[in-house]
Amino acid sequence: MEKIINLDEAKKLILECKNLKQLNDLRIFYLGKKSLLNQSMSKMAKLSPEERVAFGKYINTLKQDLNYLLDEQKNNLEIIELNERLQNETIDISLDGDDFSSASYGIIGGIVDEICNIGIGIGFSIAEGPEVENDHYNFEMLNLPKDHPARDMQDTFYINDNELLRSQTSPVQVRTLLSHNGEGPVKILCPGKVYRRDDDDATHSHQFMQIEGLVVDKNITMSDLKGILLLFARKMFGEKRTIRLRSSFFPFTEPSVEVDVSCYNCNGKGCNVCKNSGWIEILGAGMVHPNVLKMSGFDPKIYRGYAFGIGVERIAMLRYGIDDMRHIYSNDIRVLSQFKKER
Ligand code: PHE
């Protein structure tokens, strides 16, 4: 009887298969519709009954043998492929993980917290006011009537004739005084965002953070102001610091001063941080103008007060040696990650 397939050769080919795809091609070759085996079935009809029985047996055995060999090799290959996959996909759980922590310590928020905490420790309370403010509170009640030339000191974002983005936190002085109905003492710190029509550069921003301080009571003098400023300056820049007051002008304080702290870098000798002057300007301050007290319902014959306004970005830049204010706002993780600490 004619042999259709050399089983030994088939076995050799099957065992040589390297992957399931090759093996499947072989299965199609030997057992598929167009295979020799399948085609030879059609010859059955031409055979004598005895031959047909023998041939049928032969074909069946051949099919069984081929299926057995193919299945066995399939099993082997599947085990090999599984092992390879397990090998490739192994995760080394002993490796360090990536640092996915996204939040960091806010530079400005950190300074605000620090200054407010110092203030709370010496009896200040925290006040707040709206960022969209009325001309009335931002200027007029602060002794800056319409057309006052000092309005130019702060180029303001107006929303309409009356509403504006506050250019300073000083309107919170007015709002706080009004809420006290002419009765002291008043002792507040007000942190908040302010807005000015400045072009952003290394030392200017159209939005920045101020902390306003206001104290009004019966026997307040300029020495009280100086004492409190010295305390803040030392807490912020070190216990060895001294301060000096230079005369200045703000419409809502009289007298007004600009406050310098002795340079923390060179201790007053002169260096590049203090531009060789030994002093660094940190804030504006003064004694509350009697007009401001009067307009807000306080009798300036009985009450006196002092106020100061701290620019938080400036303090942050000095404290951390940041040379460009835009670093504070750019949310660059390389910058922010340097300020990670527990709040
Ligand atoms: N409001 C002033 C400014 O923004 C700062 C200041 C506050 C000055 C309080 C004196 C007293 O420039």
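Residues numbered from 1 in each chain as written. Predicted model: local features only at pLDDT ≥ 70, side-chain atom pairs only at ≥ 80, totals over all residues. Heavy atoms only, no water.

A. Structural detail: the nonpolar core. Leu229, Val259, Ile282, Leu283, Ala285, Tyr306 and Phe308 are the most contacted members of the largest nonpolar core, which totals 48 residues. For this core, the secondary-structure elements that each account for two or more residues are helix H5 (107–121), strand E5 (207–217), helix H8 (222–237), strand E7 (253–262), strand E8 (279–288), strand E9 (304–311), helix H10 (312–320) and helix H12 (333–336). Those residues within four positions of Ile282 in sequence are excluded, and the remaining contacts are Ala233, Phe237, Val259, Asp260, Val261, Gly311, Arg314, Ile315 and Leu318. Core analysis: the second largest hydrophobic core is formed by 24 residues, Phe139, Cys190, Val216 and Leu293 among them. (Core = buried A, V, L, I, M, F, W, Y, C linked by side-chain atoms within 4.5 Å. Buried < 20%, exposed > 50% of the residue type's maximum accessible area, 1.4 Å probe, protein only. Helix = DSSP H or I, 4+ residues; strand = E, 2+ residues; numbered from the N terminus. Contact = heavy atoms within 4.5 Å.)

B. Spotlight on the pairing of E7. Counting buried residues along E7, eight of its ten residues qualify, which places the element largely inside the surrounding structure. Count of turn residues in the strand E6 (residues 243–250)/E7 antiparallel hairpin: two residues. Sheet topology places E7 next to E8; eight bridges connect them, and they run antiparallel. Among the inter-strand pairings, Thr253 is bridged to a residue of E8, identified as Val288. (Pairing = 2+ DSSP bridges.)

C. Seen up close, the site of the ligand. Near the ligand there are 15 residues, and of these Gln168, Ser170, Arg196, Gln210 and Glu212 occur at the shortest range. At a separation of 2.8 Å, a nitrogen atom of the ligand approaches a polar side-chain atom of Gln168. At a separation of 2.8 Å, an oxygen atom of the ligand approaches a polar side-chain atom of Arg196. If the ligand stood free it would expose 330 Å²; the protein chains cover 92% of that surface. At the level of elements, E5, E8 and E9 are the ones that each hand at least two residues to the shell around the ligand. (Near = heavy atom within 4 Å. Polar contact = N/O pair within 3.5 Å; in protein donor to acceptor, adjacent residues only side chain to side chain. Areas by Shrake-Rupley, 256 points an atom, 1.4 Å probe, with all protein chains shown as cover.)

D. Here's a closer look at the packing of aromatic side chains. Enumeration over the complete set of coordinates arrives at nine aromatic pairs. Taking 5.2 Å as the distance between ring centres and 75° as the angle between the ring planes, the aromatic pair formed by Phe298 and Tyr303 counts as edge-to-face. For the pair Tyr320 and Phe339, a centre-to-centre distance of 4.8 Å together with 75° between the ring planes defines the contact as edge-to-face. With Tyr320 in helix H10 and Phe339 in the segment after H12, this pair connects stretches of sequence that are 19 residues apart. A relative accessible area of 28% means that Tyr320 is categorised as partly exposed. Given a relative accessible area of 12%, Phe339 falls into the buried group. The ring of Tyr137 carries Arg175 above its face, with NZ or CZ at 4.1 Å from the centroid. Directly above the aromatic system of Phe124 lies the positively charged group of Lys187, at a separation of 5.1 Å from the ring centroid. (Phe/Tyr/Trp six-rings, centres within 6.5 Å; stacked < 30°, edge-to-face > 60°. Lys NZ or Arg CZ within 6 Å of the ring centre and 35° of its normal.)

E. Broad picture of the pairing of E5. With respect to burial, E5 is a largely interior element, nine of its eleven residues being buried. As paired elements, strand E4 (residues 186–195) and E5 share ten bridges and run antiparallel to each other. Bridge pairing in E5 places Cys190 opposite Glu212. Both E5 and E9 contribute to a ladder of eight bridges, which runs antiparallel. Its bridge partner being in E9, Leu214 is matched across the sheet by Ala307.

F. Examining a negative patch on the surface more closely. On the surface, a cluster of negative charge is made up of Asp152, Asp155, Asp198, Asp199, Asp200 and Asp201. Mapping Asp155 onto the fold places it in the loop between helix H6 (135–138) and strand E3 (163–165). Overall, Asp155 belongs to the partly exposed group, its relative accessible area being 42%. (Patch = residues over 30% accessible without salt bridge, like charges linked within 9 Å, V, L, I, M, F, W, Y side chains within 5 Å. Salt bridge = Lys/Arg side-chain N within 4 Å of Asp/Glu carboxyl O. Lys, Arg positive; Asp, Glu negative; His and termini not counted. Charge placed at Lys NZ, Arg CZ, Asp CG, Glu CD.)

G. The arrangement of the state of the cysteines in detail. One pass over the full model with this rule turns up zero disulfides. The cysteine Cys271 is free of any disulfide, with Cys266 supplying the nearest cysteine sulfur at 3.7 Å. Accessibility expressed as a relative area gives 13% for Cys271, which makes it buried. Free of any disulfide, Cys274 has its nearest cysteine sulfur in Cys266, 3.6 Å distant. Judged by its relative accessible area of 3%, Cys274 is buried. (Disulfide = S-S within 2.5 Å.)

H. A look at the domain arrangement of the protein chain. By the assigned domains, the protein chain splits into domain 1 (7–88) and domain 2 (107–336). Inter-centroid distance (C-alpha atoms) of domain 1 to domain 2 is 90 Å. (Domains from an automatic or database assignment.)

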